[in-house]
Structure formats: structure tokens, C-alpha cells
Amino acid sequence: MLEIRNLNVKLEEEDKVILRGVDLTVGAGEVHAIMGPNGSGKSTLSHVLAGKEGYEVTEGSATLDGADLLEMEPEERAAAGLFLAFQYPVEIPGVGNMTFLRTAVNAQRKARGQEELSAGDFLKEIRARAKQLKIDAEMLKRPVNVGFSGGEKKRNEILQMAMLEPKMCILDETDSGLDVDAMKLVAEGVNALRSPGRAFLVITHYQRLLNHIRPDVVHIMADGRIIKSGGAELALEVENNGYGSLLGEVA
Amino acid sequence: MVRPQENAAGADRLESLRLPEGGGEWIGAARRTALARLQAQGLPGRRDEYWRFTDPASLTAAEAPPAAVFVDPDDTRPFDSIERLRIVFRDGVFDPAASDDLAGDGIEISLLSDAAAADIHWAKDLYGVLEGRGQSPVPRPLAALNTALAREGVLIRVSGRVGRPVSLIYLHERETSDALLHHVIRLEPGAELTLLENGPAAARLNKVMEVEVADGARFHHVRTQGRDHERRAHTHIFARLGTESRFKSFTLTVNGVLTRNEAVIELAGEGASAHVAGAAVGDGRFHQDDTVFVTHAAPNCESRQVFKKVLRNGAVGVFQGKILVKEGAQKTDGYQISQSLMLDDDSQFFAKPELEIYADDVACSHGSTTGAIDPEALFYLRARGIARADAEDLLVLAFLSEAIEEIEAEEIAAELLSRLEAWLRRHRR
Ligand SMILES: Nc1ncnc2c1ncn2[C@@H]1O[C@H](COP(=O)(O)OP(=O)(O)O)[C@@H](O)[C@H]1O
Ligand SMILES: [Mg+2]
């Protein structure tokens, strides 16, 4: 599904290289985790895949089901089925959460040549999804992420993911700043969406989220590269020994 | 003010002014007093403190600069969907055939032209009186000129709760029309009125509205100014608010080479509340100026000024807003915000926020900002599949929302919002 080949990325404005040849293949139905120390380039990878400005791809490619992601506008990537749960969800005063979600859902449907969802159908669906994530009606009415707690923001990201039904979901540290209960809610939300046609790339700093979302493959990222890949047990190794020994192995 | 000796053309203009002839003694006296005020002040010039950001030359010139009449391809007008009592003016002249019957329960509407012919009229206690009170500390010579010369307008007295809004519709049909309109509105104690205004009015419009809101009365005002790109308008609202009264005024300005809206509001009775808000969107040759003066003269009053401007392609926005808290006006709650959203680097926003406070137990805040569309927010929306242009429009409307929320009636707010959306779609890059 997602194919990243030798991806090299620098900042557009400065001569700072962040990704140095990332290779990654995520197949349909799979869950991959990326772990790595702060500053290793995990968020940069997710931003470049989603189409954020400010980065320059100097080499390499990224495709979603064969389509060249790097040539697309961010909204085209979303319509193609890519979703990024932001590490830092953005607050947008003046735009109601519900309006935002409805606009997004219908924009994607339109881009895919589907009919727009009626107001009634949309409402029914969002109510059901929100309930699963313990998001109350009041939160849906408020402006996007404004005044939301850290946990509410992350649950709101998962709600958006559930409503948009993407095929490639990237979660950037969706677990950070969450207490155990909130993390369980998020993990349940993700697990409910697992299906043979959908893949996940879960970026996390800690192993604990992976107890709830079992990954098929774990990658360790350091200094802009994936330095090691393995099964779920690799996450435990990080948990027990830290990144130090892994980084040492490679150096 | 520009003294006659400094501005020969201005002096000639003042010399040449002739008051309307005939009419009742009450209006004659008001007009003569206003003319004397104007002659003492002189016409405004660039060097005057409150005209630094807006050039009054085209407003004070003897003749109105021509303005093409804009024909809207889809020809819908604001408030079309709202059930209302319609009063139509064409280039500043009342059109009885296009207007509804002016009689109604709890409301008394007359035309200034009729009332002026009468020997006596209830409006004599207000006509030129609130305008005159609003001339200090800041002179407003074009309002005095209006009181002296205006021949038309509506005089509305409300004694109950009027079910449907009164809607003043200003059509512009002649390229060189120069309209003067003067309205007087009195809400008796406990009365309630919604007043709507829309339309370009004339090539050049000078309008004064005097509003007395008696104790416990509520006045809602929503207007749109737009359509004709080359039109000019200078409007004044002078309001005096009684105890526990409510005043809300919202203006949407789109298009127009020059618009200056002045609001002069006096909170005279305890516990009164005044909200003045404006949303302006300008593209290209567009100069829009809000000049607001709110005086807290009684304790426990609340005032809010919320002004938002979206500017692009060289459009200019001006905000001059003052909160004056007089001695004894304790527990005043005053708020003022003026913000501009620049859609490119060519546009300009000038702000002159002022607070002047002579009471010690008050809460007043004011702020002014200028900014661009937040790239993080834009990316977030696009990453959810919303196309760039739609995402930008969404963020522009979000920026304006604090002002639009000042409109009390939901169906009116919704109508204006959909017109704004359409305007934004037409003006995409
Ligand atoms: N827009 C940016 N401007 C400056 N430095 C950046 C920017 N984006 C990322 N970086 C730098 O790139 C490196 C990788 O950052 P990031 O991708 O956020 O790492 P991670 O998510 O793994 O913590 C860090 O050194 C960070 O400071
Ligand atoms: Mg990160």
C-alpha cells in the first residue's frame, strides 16, 4: 500500500538535512510502528507524506497504491486515502468542529466522485462514532480543537479518522500526553478500524501504546534513517534497554 | 478643521450652501443651527486628527464623483428571504410605489419631507439634537451638513414590539446621484425594533441616523453596504441609550471605493448595553473606515466594539475607536477589538484604538491585530481533504465570525453568511 524508497528530505529554507534515505513498505491490512528518539525525523516523515510545505525532497519516492504522493496537493493525498493524525492538532477558532468534519467528509466524497452525505446521515454517523470515543455533543459544537484538553484533541483526531475512513492511517504520537484510560479509548478506536484493506503507521515514543495496538512490524528510526526493523518484540527491547544499545549497534 | 483661509474650495462650498426653503418652524430652526455648527467647524481635511487615514476630498466636493451602476447577474438582494416592511429610496428619493404601506401596529413611520412641512412633529426633540450632542469632543462636520441640508429620510417611533423588521432599501440608478438621507428613530420605553438597511443608495451617500433608545427598549440594526464598486458613502449613527436599554448594530461592507461609517453612542442610563460590530471584505480599490466613539456616562453599562476587515489587492481598512468612561461611570465593562486579515502584501490597515477613563472601578480592554491566514490551520484543513480555496474561505469566515455573531437574529446572520460565502467564491485568486 505505502511504498517509501530512499526518501531524502531537507528543510526548504535552510541547509538542514532531516531524512537520509528512508525505506519503508507497509502492506494492506498491516500495522507498522515507528519508534525513535526525539528529533530523529518521525514527524518530518509524516509531514512530508501528508504534503506539508517547508520541506524539500532531494531524492527518493513515496507512493500510495502506486500513485506518486509527492506530486499531489495535500487535499489530493487525503482524497486518495491518506490520513495523518497530527502530533499537535491545530486549533482553529471560528470553525465549528461539526462544520469542519462535514466539509471534509463531503470534499473527499466529491473528489472521489461520490455523492455528498445528507445532513441527517452525517449527523447519525458522527453521533455514533463520537459516542464510541466518549466525545460529547458539546465538543462537536465547539470550534476545532479550541479549548480541548490534550486527550480531547487526540480523540478528536481519531474521530476524524473514523469519519473519513482512509486506507492509510498515520498516527503521529497520538498516545503522548494521554492517561491510561484515554489511551485505551484511542487504541480501541484504532482497532475498530482495522481491516484487511486498511493499513496503519503508528509513530510512538513509548511501547505502551503497542500493548493495545499490536504491530506486525516495528521500525526504529534514528537520525533520519530506519536503522532496524523487527517484530513486536523490538518494541519491548526499546522499552527495557532504551535506544542507546540499538544506536550503538549500528554505529 | 480646515479653516476657510486654508481651503479656498472648502470656503466656497460653505458659502454656496443653501438651506431647503419652506417647511415648519421646528425644522427650519434645526437646519439653521446645524448650518451654523458646520460654518464654525469648516469642512474636514487631511490634517484633522480623525481624517489622517481617510481623504475626505471626494466626500466634501461640491459634486459627487460618478459611480457606475452595477448590475448583479443573479440579481438577489440582501434580506430577500426575510419577512419585513420595505421602504424604498431611489438615489435618495422615496419611492412610494415600491414601498409597503407605512402604517403598522405599535409603530409610527413618517417621511422627513412630510414632517418638515408640518408646524410641529415629535421628531423635533431629536432631529439634529443627538447629532449636535455628538459633535464634541470630536467635530463631525459632514453630519452637521446633513442635518442642515437633508430633505428626505424616515422618522420612526416605536411604542411596542414590532413583529417584522423595518427594511430601508437604497437603490442606486443614476451615475452621478448625490443622496442625503436623515433618519430619526425613537424607541419608547420597553419598545423593540429591528432595522435593516441595504443597497448602494447613490454615487455618493451622506446619511445620518439619530436613535433614541428609551429605558428598557431594544434596538437591533443590521445593514449591508456593497454592490456598486465605485460608490461612496459617509454614514453617521448617533445613539443615546436609556436605563437597561439594548443597542446592537452590525454592518457588512463589501465593495465601494470609499466608505466611512461613524458611530457615536452615549450610554446615558444605568445598565445599558451597546454593541457595534462590522465585517468588511475588500478587494482592490476599496477604502473602508470605521470611526466609533462610545461614551459611558452612567454606571454598570456594557459596550462592545468588534471590527474585522479582510483585505486584498491594495484594499485599505481603517479603524478609529474610542471608549470614553466619564467620571462616575463605575463598573463599566468596555471591550474593543479591531483586526485585519491580509490576503496579500499589498493591502493596508490603520488602527487608532483609544481608551480614556475617568472612573476608577472599570474593566476596559482593547486590542488590534493584523495578520495573514495561518499556514498551520490551512494545512490542517487541506490534510483533511478540503481544497485550498475552500479552506481559505473557511478561515476567512472564521476570522469574521466574532463580528457576525453580533447579529441577534439567526436567519439574518445565516443570510449574510451565505452572501459572504458567494462573494468570497467570486473573488478567488
Ligand atoms: N520546520 C522545521 N524547522 C526547523 N527544524 C526542523 C523543522 N522540522 C523539523 N526540524 C528538525 O528536524 C529534526 C527532526 O524533527 P522531527 O521530525 O520533529 O523529529 P521527531 O518527530 O522524531 O521528534 C529535529 O532536529 C527538528 O528540530
Ligand atoms: Mg514528532
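Residues numbered from 1 in each chain as written. Chains lettered and ligands numbered in written order. Predicted model: local features only at pLDDT ≥ 70, side-chain atom pairs only at ≥ 80, totals over all residues. Heavy atoms only, no water.

Moving on: the overall build of chain A. Assigned secondary structure in chain A consists of ten helices and twelve strands. The C-alpha atoms of chain A give 18 Å as radius of gyration, which agrees with the globular expectation for 251 residues (18 Å, within 12%). In terms of overall dimensions, chain A has C-alpha extents of about 55 × 40 × 35 Å along its principal axes. When burial is assessed residue by residue, chain A has 54% of its 251 residues classed as buried. Within chain A, contacts between residues separated by at least 24 positions form 69% of all contacts whose residues are at least 6 apart in sequence. When the accessible surface of chain A is split by element, carbon and sulfur atoms take 47% of a total near 10900 Å². Of the charged side chains in chain A, 29 are positive and 38 negative; the average position of the first set lies 6 Å away from that of the second. (Helix = DSSP H or I, 4+ residues; strand = E, 2+ residues; numbered from the N terminus. Rg over C-alpha atoms; globule rule 2.2 N^0.38 Å. Buried < 20%, exposed > 50% of the residue type's maximum accessible area, 1.4 Å probe, protein only. Contact = heavy atoms within 4.5 Å. Areas by Shrake-Rupley, 256 points an atom, 1.4 Å probe, with all protein chains shown as cover. Lys, Arg positive; Asp, Glu negative; His and termini not counted. Charge placed at Lys NZ, Arg CZ, Asp CG, Glu CD.)

Direction of pairing for strand β11 (residues 217–222) of chain A relative to strand β12 (residues 225–230) of chain A: antiparallel, over a ladder of five bridges. By the bridge assignment, methionine 221 of chain A is partnered in β12 of chain A with isoleucine 226 of chain A. (Pairing = 2+ DSSP bridges.)

Moving on: the interface of chain A and chain B. With 28 residues of chain A at the interface, the matching set in chain B holds 16 residues. A salt bridge links arginine 382 of chain B to glutamate 73 of chain A, with the shortest nitrogen-to-oxygen separation between them at 2.6 Å. Run the count over chain A and chain B and you get twelve residue pairs in polar contact (both at pLDDT 80 or more). Mapped onto the side of chain A that touches chain B, the elements with two or more residues apiece are α2 (74–79), β6 (82–85), β7 (92–96), α3 (97–111) and α6 (150–164) of chain A. For the side of chain A that touches chain B, the element with the most residues is α3 of chain A, which contributes five residues. When the residues that make up the side of chain A that touches chain B are grouped by side-chain class, the tally is 17 nonpolar, six polar and five charged. (Salt bridge = Lys/Arg side-chain N within 4 Å of Asp/Glu carboxyl O. Polar contact = N/O pair within 3.5 Å; in protein donor to acceptor, adjacent residues only side chain to side chain. Nonpolar A, V, L, I, M, F, W, Y, C, P; charged D, E, K, R; others polar.)

On to the coordination of the magnesium ion (ligand 2). All names here are of chain A. Bound to the magnesium ion (ligand 2) are the protein donor atoms Ser43 (OG) and Gln87 (OE1), situated 2.1 to 2.3 Å from the metal. In this pair, serine 43 is assigned in helix α1 (residues 42–50) and glutamine 87 in the loop between β6 and β7, connecting sequence segments 44 residues apart. A relative accessible area of 15% places glutamine 87 in the buried class. (Donors = N, O, S within 2.8 Å, 3.2 Å for Na, K, Ca; no water.)

In this section: the side chain of lysine 153 of chain A. Along the chain, the position of lysine 153 of chain A falls in helix α6. Setting aside chain neighbours within four positions, we find lysine 153 of chain A in contact with Pro89, Glu91, Asn145 and Phe148 of chain A.

This paragraph deals with the sheet that holds strand β9 (residues 168–172) of chain A. All names here are of chain A. One open sheet accounts for six strands, arranged β6-β9-β10-β3-β11-β12; its pairing is mixed. In this open sheet, the two strands that pair with only one neighbour each are β6 and β12. Mean inter-strand twist for the sheet, computed between neighbouring axes without regard to direction, equals 20°. With respect to the sheet, α1 is in contact with β3 (31–35), β6, β9, β10 (199–204) and β11, its orientation differing from that of β6 by roughly 145°. Together, β3, β11 and β12 form the strand contacts of helix α9 (residues 233–241), whose direction differs from that of β12 by roughly 115°. (Axes fitted to C-alpha atoms, helices over the stretch in contact; angles between N-to-C directions.)

Another point: the confidence of the model for chain B. Detailed conclusions should not be drawn from predicted coordinates in areas where pLDDT is low. Residues with a pLDDT of 70 or more make up 97% of chain B, whose mean pLDDT is 94. Confidence metrics for the complex model read pTM 0.93 and ipTM 0.96. (pLDDT = per-residue confidence, 0-100.)

The next point concerns the site of ligand 1. Residue and element names in this part refer to chain A. For ligand 1, the full set of nearby residues is Leu11, Lys16, Ile18, Pro37, Asn38, Gly39, Ser40, Gly41, Lys42, Ser43, Thr44 and Tyr55. One of the backbone N or O atoms of glycine 39 is found 2.7 Å from an oxygen atom in ligand 1. Within the complex, the protein chains bury 63% of what would otherwise be the 560 Å² of accessible surface of ligand 1. Top element by residues in the shell around ligand 1 is α1. It accounts for three residues. Looking at side-chain class alone, the shell around ligand 1 contains four nonpolar, six polar and two charged residues. (Near = heavy atom within 4 Å.)

To continue, consider the pattern of salt bridges. Residue and element names in this part refer to chain B. Using the criterion set out here, one finds 46 salt bridges over all chains in the structure. Arginine 246 is the partner of glutamate 244 in a salt bridge, and the nearest nitrogen-oxygen pair spans 3.9 Å. Exposure remark for glutamate 244: the relative accessible area of 47% places this residue in the partly exposed category. Residue arginine 246 is classed as partly exposed on the basis of its relative accessible area, which comes to 26%. For glutamate 408, the salt bridge identified is with lysine 248, shortest N-O distance 3.0 Å. Here glutamate 408 is found in the loop between α8 (388–404) and α9 (410–426), whereas its partner lysine 248 is found in strand β11 (residues 246–254), with 160 residues between them in sequence. Overall, the relative accessible area of 45% leaves glutamate 408 in the partly exposed class.

All names here are of chain B. Within the element layout of this structure, glutamate 173 appears in the loop between β5 (166–171) and β6 (178–187). Spatially, the C-alpha atom of glutamate 173 lies 9.7 Å from that of alanine 67, the residues being 106 residues apart in sequence. In this view, glutamate 173 contacts Val69, Arg90 and Asp91; residues no more than four positions away in its chain are not counted. At 2.4 Å, the side chain of glutamate 173 forms a polar contact with the side chain of arginine 90.

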